[in-house]
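Spelled out, the chains give:
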Amino acid sequence: MLSHVKVIDLTSHLGAFSGRMLAELGATVIKAEPESGDPLRENPEAFTAWNHGKHSVVAPPYTSAFSALMAEADIVIRTTGIPHRYLQELKPDIIDVVISGFMPGSEPLSEPVSDFTLMARSGLMTIIGDPDRPPLTLPGEQAYALGAIQAVTGALTALHERALTGKGQLVEVSAFQSAVLANYREPLTWAWTGKTGNRTGNLLVRGKSGVRQVWACKDGFITWALVDNPAMMKSFIRVMGDHAGELAEIRWEDILVADMPQTQLESWESHIAGFFMLHDKATLAAWSAENGLGLSQIDTPDDCLTSSQHAARELWVDIDDVKYPGPLWASSESTTPPARRAPELDEDRQAFLGGRI
């Protein structure tokens, strides 16, 4: 899809996922590294996760090597600190994608910027966890990943605009704002009421009461909730069979689950909990797919690695006998480039600079 596009990647950690995604879309992505290399190389697993599929040339800004790479570049991905004008002078039609913790100029440089602090400030951590315990963040580095996704969206939009106008583009992305955008409900609640949400633990609170979301089953956990969907609930009761108990007598189209007393919901959920404990998560997930039950199994790492669905989707790529997440998408319109390990420092100098530098 992007086999005609060349990307110069100046990121380290924050923003690095952007280059990886563009490489998975077919772009040639070159890490222009300092003499000492990307600091993330000190963490080989993280470096590979964010950078497989890229190339490496030692070519820091303000060097002849960097200027030579820029002469053929379409996109630069970077954090703050390099003047946009400098890049424009090197390549007037360059697409300059700047990804930082906050929008340039909006926060003092003394502010700590890490995935953890960005998640905390976004409001996402406010609603993750139990009400009587400290807030939690999500696994991995979600703010960094969300910012990178927005940066790729901006880069692709800018490519389209350049094709129409022939002009270079400046794209500025805030990882903080990207995380806020992922928290779709709380910002709206704050804007309209001036209130923030609360952690509700294993309860989905709607109306007067809350329903469970995570359930134990025979061999692990699944996620499902008792909601106002009469067709789904009738299908669920049919699958439960004799285990439905009092649930079989309910006319779901005549009630609102959100208005039921908490004690009543907990009584109904006791029947459901017993039913789930009789079956393994794969069986429950298969029944859900067949009957539209809205249930999903909660995968362990081993489940993810051995999933037939993930294998059919070609989610994983093998790099040096280790499985890493591959492309986030599959398209009938393009072929995903073959998996490439993360590059050694400066290993592609001859390929991209030859004898010029």
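What this report covers is the structure whose coordinates are included nearby. (Residues numbered from 1 in each chain as written. Predicted model: local features only at pLDDT ≥ 70, side-chain atom pairs only at ≥ 80, totals over all residues. Heavy atoms only, no water.)

1. Some words on a nonpolar patch on the surface
Among the surface-exposed residues, V214, F221 and I298 lie close enough to one another that they form a single nonpolar patch of about 230 Å² accessible area. You can see I298 is positioned in the loop between β11 (296-297) and α12 (301-306). (Patch = residues over 30% accessible without salt bridge, like charges linked within 9 Å, V, L, I, M, F, W, Y side chains within 5 Å. Areas by Shrake-Rupley, 256 points an atom, 1.4 Å probe, with all protein chains shown as cover. Salt bridge = Lys/Arg side-chain N within 4 Å of Asp/Glu carboxyl O. Helix = DSSP H or I, 4+ residues; strand = E, 2+ residues; numbered from the N terminus.)

2. Brief notes about the pattern of salt bridges
For the coordinates displayed, the defined rule picks out 17 salt bridges. Note that R78 and D96 form a salt bridge whose closest N and O atoms lie 2.8 Å from each other. With a gap of 18 residues between them, R78 in strand β4 (residues 75-78) and D96 in strand β5 (residues 95-100) connect regions that are remote in the sequence. Judged by its relative accessible area of 0%, D96 is buried. Among the ionic pairs, K91 bridges to D93, the shortest N-O distance being 3.5 Å. Among the charged side chains, a network of salt bridges with common partners joins D74, K91, D93 and R162. (Buried < 20%, exposed > 50% of the residue type's maximum accessible area, 1.4 Å probe, protein only.)

3. Observations regarding the packing of helix α9 (residues 230-240) against helix α10 (residues 262-276)
The contact between α9 and α10 brings their axes to 11 Å, and the two run at 55°. Between α9 and α10, the angle falls in the class oblique. Note that α9 runs across α10; the crossing there is left-handed. Contacts between α9 and α10 involve F236, V239 and M240 from the former and H271, I272, F275 and F276 from the latter. For the contact of α9 with α10, the residue count by class is six nonpolar, one polar and no charged. (Axes fitted to C-alpha atoms, helices over the stretch in contact; angles between N-to-C directions. Parallel < 35°, antiparallel > 145°, perpendicular 65-115°, else oblique. Left-handed = near helix turned anticlockwise from the far one by under 90°. Contact = heavy atoms within 4.5 Å. Nonpolar A, V, L, I, M, F, W, Y, C, P; charged D, E, K, R; others polar.)

4. Thoughts on the sheet that holds strand β1 (residues 6-9)
The strand order across the open sheet formed by six strands is β3-β2-β1-β4-β5-β6, and the pairing between neighbours is parallel. Pairing within the sheet leaves two strands with one partner each, and these edge strands are β3 (55-58) and β6 (169-174). Recorded for the sheet is a direction-independent mean angle of 20° between the axes of neighbouring strands. Of the pairings in the sheet, the one linking β4 to β5 comprises four bridges and is parallel in character. Looking across to β5, one finds that R78 is bridged to V98. (Pairing = 2+ DSSP bridges.)

5. Concerning the packing of aromatic side chains
Where two aromatic rings form a pair, the distance of their centres and the angle of their planes describe that pair. This model, assessed by the stated rule, comprises 13 aromatic pairs. Measuring from ring centre to ring centre gives 6.2 Å for F66 and Y86, while their planes differ by 15°; the resulting arrangement is stacked. Residue F66 is located in helix α3 (residues 64-70), and its partner Y86 is located in helix α4 (residues 84-90); the two are separated by 20 residues in the primary sequence. With a relative accessible area of 0%, F66 lands in the buried category. Seen in terms of ring centroids, W224 and F236 are 4.3 Å apart; in terms of plane orientation they differ by 15°. Their pairing is stacked. Of this pair, W224 sits in the loop between β10 (220-223) and α9 while F236 sits in helix α9, placing them 12 residues apart in sequence. Residues W224 and F236 agree in their burial class; the two are buried. Of the aromatic side chains, those joined through ring pairs into one cluster are W215, W224, F236, F275, F276 and W287. The positively charged end of R121 is found above the aromatic ring belonging to F176, 5.9 Å away from the centroid. Of note, R212 hangs over the ring of W215, and the distance from its end group to the ring centre comes to 4.1 Å. (Phe/Tyr/Trp six-rings, centres within 6.5 Å; stacked < 30°, edge-to-face > 60°. Lys NZ or Arg CZ within 6 Å of the ring centre and 35° of its normal.)

So yeah, pure geometry; function would need other evidence.
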